[in-house]
Amino acid sequence: MAIGFGLGYSCHTHFRLNSSLFRRVSSVRLTCAAAIETVDGSDGFNTDHVNGSEGGVEGRKVTSEWKKFSSKEFGITNSMIAKSTRIVLNGLKRKGFDVYLVGGCVRDLILKRTPKDFDVLTTAELKEVMKAFSWCEIVGKRFPICHVHIGDDVVEVSSFSTSARNRSVDPTLVFQQHDGHDEKDQNRWRNCMQRDLTINGFLLWPWEPKSSMALLMFDPYANTIYDYVGGIKDIKKAKVRTILPASFSLVEDCARILRAIRIAARLGFGFSRETARAIKHLAHSVLHLDMGRHLMEMNYMLAYGSAEPSLRLLWRFGLLELLLPIQAAYFVCDGLRRRDKKSNMLLSLFSNLDKLLAPDRPCHSSLWVAILAFHMAVLDKPREPLVVAAFSLAVHNGGDMEEAISIARKISKPHVTTYRELSEPANLEHKALKKEVLELGSSVNKALSDMTDTYYVSRAMSSYPKAPYSDLVFVSLHLYLKALKIFECVNQGKEARFVPKQGGNINYELLAIGSVQEVRHVFARVVFDTVFPLDLGET
């Protein structure tokens, strides 16, 4: 069994990315693009998810219209900003530095969504930020930022000066200059141009003090949102668009491909034509990310309440067969076309998980790994709904098999009959039912092992010769063992000190850190909601 360790590369890439070559070409089609269309036959490229033209970009000339908005127009108030973030903003402002909220948190506030976190941008040097707070550390080498610890929260603070020093600009890009603006405007504009997507290119200035004395004693929140890249317009159009030409931006940092996918999935947005085309053409380049980044991006997609739309978009743009080849093979075998709106058991499992999560209420990564492994097990050998129910209950109650079987036999709700992962009921006797549950437990453990085996992963799409090659494994040893812990009670028997979760409420703090009790509870709930949905009778 091969398991990825640490943050090293977890894949053997068979594609060499020459960034200098890509910087000279406006449109590049990688080999996987042809495989994408071959796997999906007549469906081809998803044109219905492409919105309009790529406004703001004319060839290699980058233009932008500078606008300022009152935050009151969008109903943004001081109370919407996390207390820990306000402490950081206040602390830096009192030292005489300019401070802004930037990026996705401003976008979420405009959309009246709860931000996952708040990012602060300041005119202070990072060393000056360090001096302003008692518990602060600089992290990152290529793009260093400060982590300011406020109680249990961590606030990320970046500096204008650090961003400027670490920015590499393609000499073939020509930026439109804006006259009649002061140096602060120019600095803010330059910082926005360094970001990835227009809907992330915002700066919110939370103060407009009446006097320097008022600044020290009273900090009224002000009303200014700076938009230098057309982000507000793209939000109104529900469109994801890169700030720089997509053929450059996504080559410069291929992780932006995955960020664009997860942001579109979370917001329900489409893509501009150029951005969609570049994502599809450059999909294969994501294999060059290291194991840690793959895991982080997949966790952002699957653990924060937008897993099901993320999987659909990964499939639609030819990324699923690179990141999750086993699940991509299932989609192909299931006949799911690139732009299908129909569902299947895997998508239903994650749809039901999404209903329980949110950007500010995520789950631990072991939960979605466990769901993937469970689905692989029932796909490999379909099981009776009664077996699945007893298995889920045994996971939930810490391995008390007798109780799990007893409760499962009392289930009177109808089960979904359209999933090929579920076999027809066979009225199993007690001994046979227990045996089936134990076998399912062993199959799930084997599936977890297969997910970490590069050879097994590489063979997942072997039945489709024109599909791109990928043996990507990003599940670390620690995560593998964490997921294994969820299911070990099924085969090892009732755990002596395990206390099953009581009631239906979810403790999201425990779920986020991977409490076995909480993860088992949510896992069982997701499986039950998928196999025995409450509204099945009404449907």
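Concerning helix H16 (residues 325–333)
Then, number 1: Counting buried positions over the nine residues of H16 gives eight, a clear majority of the element.
Then, number 2: Three or more residues of H16 are buried, namely Pro325, Ile326, Gln327, Ala328, Ala329, Tyr330, Phe331 and Val332.
Then, number 3: A positive phi of about 80 degrees marks glycine 335, the residue just after H16.

What to know about the packing of helix H17 (residues 345–354) against helix H25 (residues 516–531)
Then, number 1: The interhelical angle for the contact between H17 and H25, taken along N-to-C directions, is 125 degrees, at an axis separation of 9 Å. As the angle between them shows, H17 and H25 are arranged oblique. Regarding H17 and H25, the two cross each other, and that crossing is right-handed. On the side of H17, the interface is formed by Met345, Ser348, Leu349, Asn352 and Leu353, while H25 contributes Val522, Val526, Val527, Asp529, Thr530 and Val531.

Remarks on the pattern of salt bridges
Then, number 1: Taken as a whole, this structure holds 20 salt bridges when the rule is applied.
Then, number 2: For the salt bridge of arginine 383 with glutamate 436, the shortest nitrogen-to-oxygen distance reads 3.1 Å. In this pair, arginine 383 sits in the loop between helix H18 (365–380) and helix H19 (385–396) while glutamate 436 sits in helix H21 (residues 430–451), placing the two residues 53 residues apart along the sequence.
Then, number 3: In this structure arginine 383 comes out as buried when scored by relative accessible area, which is 2%.
Then, number 4: Among the residues examined, glutamate 436 registers a relative accessible area of 21% and is labelled partly exposed.
Then, number 5: Lysine 485 is the salt-bridge partner of glutamate 488, the closest N and O atoms lying 2.8 Å from each other. Here lysine 485 and glutamate 488 lie together in helix H23 (residues 477–492), a separation of three residues that amounts to about one turn.
Then, number 6: By relative accessible area, which is 22% here, glutamate 488 ends up partly exposed.
Then, number 7: Here the salt bridges share partners, and the residues they tie into one network are Lys381, Arg383, Glu436 and Glu439.

Cut-offs applied
Residues numbered from 1 in each chain as written. Predicted model: local features only at pLDDT ≥ 70, side-chain atom pairs only at ≥ 80, totals over all residues. Heavy atoms only, no water. Buried < 20%, exposed > 50% of the residue type's maximum accessible area, 1.4 Å probe, protein only. Helix = DSSP H or I, 4+ residues; strand = E, 2+ residues; numbered from the N terminus. Axes fitted to C-alpha atoms, helices over the stretch in contact; angles between N-to-C directions. Parallel < 35°, antiparallel > 145°, perpendicular 65-115°, else oblique. Left-handed = near helix turned anticlockwise from the far one by under 90°. Contact = heavy atoms within 4.5 Å. Salt bridge = Lys/Arg side-chain N within 4 Å of Asp/Glu carboxyl O.

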